[in-house]
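Take a look at the letters that make up each chain.
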Amino acid sequence: MSTVDLTRHGADTELGVLLGSRAIMTMLIEPLQAAAPQLKLCLPEAIEDPKKVTFALAWDPSDQAFEPYPNLKLVSSIAAGVNAILACPSLPHSVPLIRITSALQAQMMAGFVTWHVLWHHRGFGQYLQQQQDHEWYRRDKQAPQEVRVGVMGQGCMGRAVSDTLVGLGYDVAVLSRTGQDVSQGALSLVGDKGLDEITRRSDILVNLLPLTPQTEGMLNDALFSQMPQHSVLIHMGRGEQLVEDDLLKALDQEHLSGASLDVFMQEPLPSDHPFWAHPRIVVTPHDACEPTASQVMKQVDEALIRVNQGEQPPGLVDYQRGY
């Protein structure tokens, strides 16, 4: 594993603490430390003087997780999501919070979403069933230009997804906060009007939006009823955005023809959950993409350098917007 090659912070080594599930953080500390030996990482129980801790890496921290550390100058998620960190009561909002934004991670997401778009567009599930039934027949073809794909979210990952789908010839529309810097060749949609339009036009709707008060529960009966008959949902955002019973209703009534789900209200997904056995649902275990230890520590190291210089770190989260 390659180590980070950035300017040193100075004479003193930055001390960081890992906050979250002890089992997960115990598993992560060795590869994270190996990726950035110029930084020192510890689990909370190994911190001798909490006042010396200058940064924290967090994932689903406990309510009091940040309280022992008065001198934090940076908090970082270990992935793209920050909703569990933002929900932590002890998170000091005066301290910059960053999420991991990696071009390689975005490429992984683009490949993962594209696989699901092709799965539904080309009916690959039916081909697998044909193989099991020893049946040989060819399916009717539909050109990518005839398939309208909506991508909700134009952050690092959303842009990579829409770029890839445009490159494959799909009729792509993107929903973004400002309408700026969307993929060339894609239709740009903005705001509530844009949400209505992208919902009504999408044969395949891809959700990559962050979890905010505005997006919580947004994938519901009202939204599904606006989607075209026999359309498809690909949900890669956050589990809290989906009203699960409403999706099952839309599928069982055959208004939606299929769904791909990578995130869920409860993870791991309970073994008796109806999603597992539903013939129109593809379930994956929140595995679309994740940054490597080297990518995480490279961004954290650069962020610390920027903060020490009084500059804005990469991946900075807006506390007001929630992402």
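Analysis parameters
- Residues numbered from 1 in each chain as written.
- Predicted model: local features only at pLDDT ≥ 70, side-chain atom pairs only at ≥ 80, totals over all residues.
- Heavy atoms only, no water.
- Buried < 20%, exposed > 50% of the residue type's maximum accessible area, 1.4 Å probe, protein only.
- Helix = DSSP H or I, 4+ residues; strand = E, 2+ residues; numbered from the N terminus.
- Pairing = 2+ DSSP bridges.
- Contact = heavy atoms within 4.5 Å.
- Axes fitted to C-alpha atoms, helices over the stretch in contact; angles between N-to-C directions.

**Here we look at the pairing of strand 4 (residues 74-77)**
And then number 1: Residues L74 and S76 line one face of strand 4 and the alternating positions V75 and S77 line the opposite face, and both faces are buried.
And then number 2: In this structure, strand 3 (residues 55-59) lies alongside strand 4, joined through four bridges in parallel fashion. Bridge assignment links A58 to a residue of strand 4, and that residue is S77.
And then number 3: Judged from the two bridges that link them, strand 4 and strand 5 (residues 97-98) form a sheet pairing that is parallel. Following the sheet pairing, S76 is matched in strand 5 by I98.

**A closer look at the sheet that holds strand 3**
And then number 1: Read across the sheet, five strands follow the order 2-1-3-4-5 without closing on themselves; strand pairing throughout is parallel. Both outer strands of the open sheet, strand 2 (40-42) and strand 5, are each paired with one neighbouring strand and no more.
And then number 2: Here helix 1 (residues 22-35) sits on the sheet in contact with strand 1 (15-20), strand 2 and strand 3, set at roughly 150 degrees to strand 1.

**Quick word on the environment of C88**
And then number 1: Within the secondary structure, C88 is located in the loop between helix 2 (83-86) and strand 5.
And then number 2: Along the primary structure C88 and G155 are separated by 67 residues, whereas in three dimensions their C-alpha atoms are 24 Å apart.
And then number 3: Leaving out residues up to four positions away in the same chain, C88 has contacts with P61, S62, D63 and F66.

Functional significance is not addressed by these values, which are geometric in nature.
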